[in-house]
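Below are the chains, spelled out letter by letter.
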Amino acid sequence: MTHTPHSPAPPGGNAVPALPAVPPQRTPALAAAPGPAPQPPPAARRTAFAEGVDRLRKAATTEPGRLRIIGAVLAALVLAFGAVTAWQMTARAEAADDVLTSSQPLTSDAADIYRSLADANTAASSGFLAGGQETAASRDRYENDIRTAAAKLVNAAANSGPGSSSAKTIAELNRLLPEYKGLVERARTYNRQGYPVGGAYLRYANEKMQQEMLPAAEKLYTTENQRLRSDYADATPYPWPAIALGVLALAALAWAQRRNYLRTNRVLNHGLVAATVTAAVVMLWLTAGHTLARSHLDDSYDHGVRSLDVLHDARIAALKARGNENLTLVARGAETKKVGEETFDAYDYDFGRDIDTLARGLAAAERLADDDSGAKPVTSAVSDMNEWKKRHAAAREQDENGNYQQALDMVIGAEGATGECFDSVDKNLAAALAHEKTEFERAAGDGRGALTGLPLGAAACAVLGAAGVVLGIGRRLSEYR
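One numbering rule holds for all chains: residues counted from 1, following each sequence as written. A pLDDT threshold of at least 70 governs which residues receive local features in this predicted model, and a stricter bar of 80 or more applies before side-chain atom pairs are shown or counted, although totals over entire chains, interfaces and linings include all residues. Where side-chain values are given, they derive from all heavy atoms of the structure, hydrogens and water being excluded.

Peer 1: What is the right way to read the overall build of the protein from this model?
Peer 2: Secondary structure assignment for the protein yields 12 helices and two strands. The secondary structure elements of the protein, listed N-terminal to C-terminal, are α-α-α-α-α-α-α-β-β-α-α-α-α-α. Relative to its 481 residues, the protein shows a buried fraction of 42%. Intrachain contacts of the protein at a sequence separation of at least 6 include 81% that bridge at least 24 residues. Elements are defined by DSSP. Helices are runs of H or I of four residues or more, strands are runs of E of two residues or more, and each kind is numbered from the N terminus. With a 1.4 Å probe rolled over the protein chains alone, any residue whose accessible area is under 20% of its type maximum counts as buried; one over 50% counts as exposed, and the rest are partly exposed. Between two residues, a contact is recorded if the distance between any of their heavy atoms is within 4.5 Å.

Right, dumping it as structure tokens:
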């Protein structure tokens, strides 16, 4: 019996070797679903500013790029310097023009309104004292004062802003003026007929003038004076932003030219030199022109406006004193004022206060007068005031002693009366005012003239300077082409 032997498979060339066993793998509980691989999230889009910064950074790494940046900065600085200079000098020139042609004339008109009203009140009381013997000159003086006040009110209304406090004050004065005039006419009518009620009407007219009209006129004067000071404040400050930009532009131009020299050994770049010259011209024009204008405007204020204010106040005080002097005789003791333990005639007491105000005003005007032409009329006014006080004291003595007619002659008489002293004081103050007004107009006109052409010239030079920068930098850039 034959048995098949158990032996390994015979070797042969086509035999496949057995693979090693693979250890069992742990199957995950949840297998990923088949599909395409996930894509990374898209990069965030960059802003235009960031891209611009990158371009600028790349450009700055090359000399042409640096030159373009330098040129743009220099041109911008020069243009900014010219623009700010033109803007600030335009504002100052307009304020200086307002000082000369608007605010100061309106301030003088307001003072003239006050003076005309006060003088009309004085003339009315003088005419009342004369009774049926009122002179044509006294009547004409009153009428002229009323017409002057009305005309000045019309002019002030035309130049005041609608709805402003000045416009309201002017409207109030226009309402009160006919009322006052009507009261004066009634006082004259009754006085000529011999009725004592005429004195009451005149005192009522005086109260309306003293308590309503003159305070309103003084308010108008104060408002316009504040406007004048505001215009001075706008015209005189130094233009520091323009000066700072000018210094910065000149420093940047100098740095750019030094850089150009160090890199090229060329001493001059014609475009940059032209830009530097124009910037220097604007800087010198700005500093010299504004300094000169400021000096003239300060002079017009110190030796013009201040003197005019003092002289206006002194003239108004003289008018008040004259009116109270006349009313002392009109009232004849009907109005009294108690001061401490003493009782005084109300109008005579106010006369003394007004004379003291006049004396202080004349003393201040003498100190402010800077030449003989301005000091001479003030000195004469002081002498006239002292004589007025002497004559007034003598007239008061006669009135208190019962000599009313003699006191009246010493106040409104043709010769040797206090009225002569008042007229002389008023005349000298008018001459001093005319002189100071001329001084003001000359100095303020010179101040405004120093700024003429500066805004336009600064703008034109800035454009030329920027063009010089562009040409100078362009010349350098052409070397890289």
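Peer 1: Help me understand the pairing of strand β2 (residues 342-345), please; the structure alone is not making it clear to me.
Peer 2: Side-chain positions along a regular strand alternate between the two faces of the sheet. For two strands to pair, DSSP has to find at least two bridges joining them. Here four bridges tie strand β1 (residues 336-339) to β2, and the two strands are oriented antiparallel to one another. Looking at the pairing, Lys337 lines up with Phe344 of β2. Joining the antiparallel neighbours β1 and β2 is a turn of two residues, in which Gly340 adopts a positive phi near 70 degrees.

Peer 1: Please clarify how the side chain of Arg396 should be interpreted in this entry.
Peer 2: By the secondary structure assignment, Arg396 is in helix α9 (residues 372-400). Setting aside chain neighbours within four positions, we find Arg396 in contact with Thr328, Asp345 and Asp348.

Peer 1: What is the right way to read a nonpolar patch on the surface from this model?
Peer 2: Nonpolar side chains (Val, Leu, Ile, Met, Phe, Trp, Tyr) are joined into patches within 5 Å and like charges within 9 Å, using only residues with over 30% relative accessible area and no salt bridge. The method behind every accessible area is Shrake-Rupley, applied with a 1.4 Å probe, and residues are considered shielded solely by the protein chains displayed. In the sections that follow, a salt bridge refers to a side-chain nitrogen of Lys or Arg positioned within 4 Å of a carboxyl oxygen of Asp or Glu. On the surface, a cluster of nonpolar side chains totalling about 240 Å² of accessible area is made up of Val277, Val281 and Trp285. Secondary-structure assignment places Val277 in helix α7 (residues 270-331).

Peer 1: Would you mind showing me how to read the packing of aromatic side chains here?
Peer 2: Between rings of Phe, Tyr and Trp, where Trp is taken as its six-membered ring, a pair exists when centres lie within 6.5 Å; planes separated by under 30 degrees are stacked, by over 60 edge-to-face, and by other angles tilted. Evaluated as defined, the whole model comprises five aromatic pairs. Centre to centre, the rings of Tyr238 and Trp240 are 5.5 Å apart; their planes meet at 45 degrees, and the pair counts as tilted. For Trp240, a relative accessible area of 56% gives the class exposed. Aromatic ring contacts, followed pair by pair, group Phe351, Trp388 and Phe422 into a single cluster.

Peer 1: So what exactly am I meant to see when it comes to the side chain of Ser307 here?
Peer 2: For Ser307, the location among the structural elements is in helix α7. Note on Ser307: relative accessible area 4%, which makes it buried. Excluding anything up to four places from it in sequence, Ser307 contacts Asp302, Leu368 and Glu436.

Peer 1: It is not clear to me how the nonpolar core should be interpreted in this structure. Could you clarify?
Peer 2: The nonpolar side chains of a soluble globular protein tend to be buried, and buried together. Throughout this description, the term nonpolar core refers to a set of buried Ala, Val, Leu, Ile, Met, Phe, Trp, Tyr and Cys residues connected via side-chain atoms within 4.5 Å. Among the nonpolar cores identified, the biggest contains 66 residues, and Leu117, Tyr180, Leu358 and Trp388 are the most heavily contacted of them. Mapped onto this core, the elements with two or more residues apiece are α2 (63-130), α3 (136-159), α4 (165-192), α5 (197-235), α7, α8 (346-368), α9 and α11 (418-450). Of all the elements, α2 adds the most residues to this core, at 13 residues. If we skip the residues at most four places from it in the chain, Leu117 touches Ala149, Leu173, Leu177, Met209, Met213, Leu214 and Ala217. Counting residues in each nonpolar core, the second largest holds 31 residues, with Ala75, Leu77, Val84 and Val282 among its members.

Peer 1: Please clarify how the environment of Gly457 should be interpreted in this entry.
Peer 2: Along the chain, Gly457 turns up in helix α12 (residues 454-478). Spatially, the C-alpha atoms of Gly457 and Val282 are 7.8 Å apart, while their sequence positions differ by 175 residues.

Peer 1: Which parts of the structure should I look at to understand α3?
Peer 2: Residues separated by three or four positions in an α-helix point in the same direction, a consequence of the helix having 3.6 residues per turn. Here, expected helix span is obtained from the residue count minus one, scaled by 1.5 Å. Look at α3: 35 Å from first C-alpha to last across 24 residues, which is about the 34 Å you get at 1.5 Å a residue. Every buried residue of α3 is accounted for by Ser138, Tyr142, Glu143, Asp145, Ile146, Ala149, Leu153 and Ala156. Buried-residue contacts for α3 involve α2 and α4.

Peer 1: Would you mind showing me how to read the pattern of salt bridges here?
Peer 2: Close approach of charged atoms allows side chains of opposite charge to pair. Throughout the structure, instances matching the rule amount to 27 salt bridges. Across the salt bridge formed by Glu185 and Arg139, the nearest N and O atoms sit 3.2 Å from each other. Of this pair, Glu185 sits in helix α4 while Arg139 sits in helix α3, and the two are 46 residues apart along the sequence. A relative accessible area of 24% means that Arg139 is categorised as partly exposed. The partner of Arg396 in a salt bridge is Asp399, with the nearest N and O atoms 2.7 Å apart.

Peer 1: Just checking my understanding: could you explain the confidence of the model for the protein for this structure?
Peer 2: Regions with low pLDDT should not have their predicted coordinates read in detail. pLDDT measures the predictor's confidence residue by residue and takes values from 0 up to 100. Here the protein averages 85 in pLDDT, and 88% of its residues register 70 or above. In the predicted structure, residues 1-16 sits below a pLDDT of 50 and forms zero contacts with residues beyond four places in sequence or in another chain.

Peer 1: Just to check I follow, could you spell out the packing of α7 against helix α10 (residues 404-412) for this structure?
Peer 2: Whenever a helix is involved, its axis is fitted only over the stretch in contact; in every case the axis is a line through C-alpha atoms, and angles between N-to-C directions fall within 0 to 180 degrees. Where α7 contacts α10, the axes come no closer than 10 Å and their chain directions differ by 160 degrees. Classified by the interaxial angle, the pair formed by α7 and α10 is roughly antiparallel. Where α7 crosses over α10, the two elements pack in a sense that is left-handed. Residues Arg322, Glu325, Asn326 and Leu329 of α7 touch α10, and the partners they reach there are Tyr404, Ala407, Leu408, Val411 and Ile412. The nonpolar class holds Ala, Val, Leu, Ile, Met, Phe, Trp, Tyr, Cys and Pro. Asp, Glu, Lys and Arg form the charged class, and all remaining residues, Gly among them, are polar. Counted by class, the contact of α7 with α10 contains six nonpolar, one polar and two charged residues. Relative orientations are named as follows: roughly parallel for angles under 35 degrees, roughly antiparallel for angles over 145 degrees, roughly perpendicular for angles from 65 to 115 degrees, and oblique for any other angle. Handedness of a crossing is defined here by the sense of rotation of the near helix relative to the far one, left-handed for an anticlockwise turn of less than a right angle and right-handed for a clockwise turn.

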